[in-house]
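# Fold and contact review
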Amino acid sequence: MPVTDSIDDGDDGEDSDATRAAGDDATAPEGDALPVNELFESLQGEGKLAGTPSVFVRTSGCNLRCWYCDSYHTSWEPTHAWMSLDDVVAEVESFDADHVVLTGGEPLVHDASETLLERLADRGYHTTVETNGTIAPDAPMDLASISPKLANSVPTRERDPKGDGEWADRHDDRRIDLDALTALVESYDSQLKFVVSEADDLAEVNALVERIRDATTATVRDADVLLMPEGATRERLAETRERVADLALEHGYRYTPRLHVDLWNDAPET
Ligand SMILES: C[S@@+](CC[C@H](N)C(=O)[O-])C[C@H]1O[C@@H](n2cnc3c(N)ncnc32)[C@H](O)[C@@H]1O
Ligand SMILES: Nc1nc2[nH]cc(C(=O)O)c2c(=O)[nH]1
Ligand code: SF4
Ligand SMILES: [Mg+2]
């Protein structure tokens, strides 16, 4: 019997866009497997571990639609090949790096991501999960790299890469889940990595950090709050990064570069 596609955009029964765009590869195989958009070795470009040689496993499928998403083919038009977890682990092991970054898309929409994290932990890898913070998993990870989405991410009609604004309300309703954020910061070593475009974004960053602090007994230090300039290309980063660095200084948060964009612009597998 064919196995139902498990790419989940978070909609019960409404994942047909993700499924169709993936073509023949859309059908999940039997057994533990993930829809993988790309798997490569690079330097971690973002966050506390920036500069660390790492293997990146990028899954396809997301429950949000940030207008600026730099991984368009995992969210707006997901493409992938299904890989068994055996093959994912074997490919990870073919590289020298001892750090693995599980990203997407939103990797935590897939149950198999939890199994993959267990298998990587068993093999002694340091794992980072890049997540939008709307889903709290039950799996080992060494760093939860949480990127809660601000209002500046909403794909309004003017900003929607597909032009119709169809996702705006759904994205806005889903982008902040305080319970998931609280569970993540309580369960894991974590960083909160906000994509910032304008000075006005900081009021929302400050308010959300305070809400998270009020909701948890875990300590969220200013040094765990990172401001990352919005920009998928060198050209766009040249417009945002100095402003965002100044905002980090002003508010006492950390600034994180996007090393991979500085080095390799928007090339795939970097
Ligand atoms: C493609 S996302 C995948 C993981 C997860 N869905 C998330 O959003 O955290 C990886 C990282 O890239 C960031 N990102 C995506 N597009 C960006 C852009 N245009 N400028 C800056 N950061 C961006 C996200 O905020 C996240 O930290
Ligand atoms: N080099 C590099 N570092 C990254 N850190 C987080 C990334 C991501 O897309 O999640 C990423 C990425 O795409 N490339
Ligand atoms: S949550 Fe992450 S993968 Fe999903 S659309 Fe936003 S940036 Fe892209
Ligand atoms: Mg990236």
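Our subject is the structure listed above.
Reference entry: report on the structure contained in this document.

What counts as what
- Chains are numbered independently. Their residues run from 1 in the order of the written sequence.
- Working convention: letters from A go to chains and numbers from 1 go to ligands, in the order in which they are written.
- Where totals are concerned, whole chains, interfaces and linings use all residues; where local detail is concerned, this predicted model gives features only for residues with pLDDT of at least 70, and gives and counts side-chain atom pairs only at 80 or more.
- Excluding hydrogens and water, the side-chain values take into account all heavy atoms of the structure.
- A cutoff of 4 Å decides nearness: a residue is near a molecule or strand if any of its heavy atoms lies inside that distance of it.
- By the criterion applied in these results, polar contacts are pairs of N or O atoms within 3.5 Å in which, for protein atoms, one can donate a hydrogen and the other can accept it, and in which residues neighboring in sequence qualify only through two side-chain atoms.
- Numbered from the N terminus, helices here are DSSP runs of H or I no shorter than four residues, and strands are runs of E no shorter than two.
- When accessible area is computed with a 1.4 Å probe and restricted to protein chains, residues below 20% of their type maximum are described as buried, those above 50% as exposed, and intermediate ones as partly exposed.
- Criterion used throughout: strands pair if DSSP finds at least two bridges between them.
- When the strands point away from the viewer, a crossover counts as right-handed if the path from the first strand over the helix to the second runs clockwise.
- In these tables, accessible area is a Shrake-Rupley quantity obtained with a 1.4 Å probe, and a residue counts as shielded only by the protein chains included in the view.

### Points about the site of ligand 1
Taken together, 22 residues form the shell around ligand 1, and within it Tyr68, Gly105, Ser147, Lys149 and Gly231 come nearest. Within the backbone of glycine 231, a nitrogen or oxygen atom sits 2.9 Å from a nitrogen atom of ligand 1. Where the shell around ligand 1 is concerned, the elements lending two or more residues are strand E5 (126-131), strand E7 (190-196) and strand E8 (225-229).

### Here we look at unusual backbone geometry
A cis amide bond, omega 15°, links glycine 104 with the succeeding residue glycine 105. Turning to its location among the elements, glycine 105 is positioned in the loop between strand E4 (99-103) and helix H3 (111-122). For asparagine 265, which is not glycine, the phi dihedral falls at a positive 55°. Structurally, asparagine 265 is set in the segment after helix H8 (259-264). Although it is not a glycine, glutamate 269 sits at a positive phi angle of roughly 55°. Position of glutamate 269 relative to the elements: it lies in the segment after H8.

### Observations concerning the pairing of E4
The buried count for E4 comes to five of five residues, which makes it a mostly enclosed element. Neither face of E4 is open: one carries His99, Val101 and Thr103, the other Val100 and Leu102, and all of them are buried. Note: E4 against E5, four bridges, orientation parallel. Counted as the bridge partner of leucine 102 is valine 129 from E5. This β-α-β element, E4 to H3 to E5, shows right-handed connectivity.

### Description of the site of ligand 2
Residues in close proximity to ligand 2 include Ser42, Leu43, Gln44, Gly45, Glu46, Phe56, Arg58, Thr103, Glu130, His260 and Thr270, which together make up its full environment. In the model, a nitrogen atom of ligand 2 is placed 2.7 Å from a nitrogen or oxygen of the leucine 43 main chain. In the model, a nitrogen atom of ligand 2 is placed 2.5 Å from a nitrogen or oxygen of the glutamine 44 side chain. For ligand 2, whose free accessible area comes to 320 Å², the fraction covered by protein is 93%. Counting only elements with at least two residues in the shell around ligand 2, the list comes to strand E1 (33-43) and strand E2 (53-59).

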